[in-house]
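Summary of structural features
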Amino acid sequence: MALFATHSAEETREIGKNFARTLNPGTLICFEGDLGAGKTTFIQGLLEELGAEKPFVSPTFILMKQYEIASPTESGIKFIYHADAYRLGSKEFREIGFEEWIIDPQGVILLEWPERIAELLPEKYTTVKIESVSETERKIEILEK
Ligand code: ADP
Ligand code: MG
């Protein structure tokens, strides 16, 4: 478990970058936190560090964005699936391919609103939980399970 406190969006992006360096392919990362907590901000840092190509769009409206990394990371990450389950249920998530992303040995999944599809989650995943403390302060907790 790791715990961080940040005082700006830039600092949260930095935490996302540092976390990206520790990532292995085949990992599911679940993001918890209210609207505006900083999940997408953290993910922007992470995507940048992994070498994903911009634009980094929020998947709230497009449901899922897949990034193919031009030169895979040393750890072997080639695909990133960024998805948001806020508007979808388990059935729709299955339909757009969640179970295939999970078994991609070169993939990393970044999932916002995982509680919406709790029944589809595998036994092991990492949780990044972000809480607003004040307008610019955030508490970030990273838990591996
Ligand atoms: P979410 O994806 O959780 O809904 P976003 O990352 O889209 O949240 O938005 C977070 C908002 O909070 C942004 O406007 C960002 O600039 C602002 N913000 C202020 N302080 C911080 C901080 N310490 N960490 C992250 N975001 C912050
Ligand atoms: Mg978001």
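Anyway, here's the lowdown on the structure attached to this text. Bear in mind that the values here come from a model prediction, so they are computed numbers and not experimental data. (Residues numbered from 1 in each chain as written. Chains lettered and ligands numbered in written order. Predicted model: local features only at pLDDT ≥ 70, side-chain atom pairs only at ≥ 80, totals over all residues. Heavy atoms only, no water.)

**Focus: the side chain of Lys65**
By the element assignment, Lys65 lies in strand β3 (residues 64–68). At 2.8 Å, the side chain of Lys65 forms a polar contact with the backbone oxygen of Pro55. Leaving out residues up to four positions away in the same chain, Lys65 has contacts with Pro55, Val57, Ile80, Tyr81 and His82. (Helix = DSSP H or I, 4+ residues; strand = E, 2+ residues; numbered from the N terminus. Polar contact = N/O pair within 3.5 Å; in protein donor to acceptor, adjacent residues only side chain to side chain. Contact = heavy atoms within 4.5 Å.)

**Quick notes on the pattern of salt bridges**
One pass over the full model with this rule turns up eight salt bridges. Put simply, Glu14 and Lys17 hold a salt bridge, and the shortest N to O gap is 3.9 Å. Note that Glu14 and Lys17 are positioned in helix α1 (residues 9–20) at a spacing of three residues, about one turn of the helix. Judged by its relative accessible area of 17%, Lys17 is buried. As a salt-bridge pair, Glu131 and Lys139 come within 3.9 Å of each other at their nearest N and O atoms. Glu131 gets classed as partly exposed once you look at its relative accessible area, which sits at 35%. When its relative accessible area of 32% is taken as the criterion, Lys139 is described as partly exposed. (Salt bridge = Lys/Arg side-chain N within 4 Å of Asp/Glu carboxyl O. Buried < 20%, exposed > 50% of the residue type's maximum accessible area, 1.4 Å probe, protein only.)

**Overview of the site of ligand 1**
Near ligand 1 there are 17 residues, and of these Thr12, Gly36, Lys39, Thr41 and Thr136 occur at the shortest range. Thr6 is positioned such that a nitrogen or oxygen atom in its side chain is 3.1 Å from a nitrogen atom of ligand 1. In the model, a nitrogen atom of ligand 1 is placed 2.8 Å from a nitrogen or oxygen of the Thr136 main chain. Alone, ligand 1 offers 580 Å² of accessible surface; in the complex the protein occludes 72% of this. Taken together, the elements giving at least two residues each to the shell around ligand 1 come down to α1 and α2 (39–50). (Near = heavy atom within 4 Å. Areas by Shrake-Rupley, 256 points an atom, 1.4 Å probe, with all protein chains shown as cover.)

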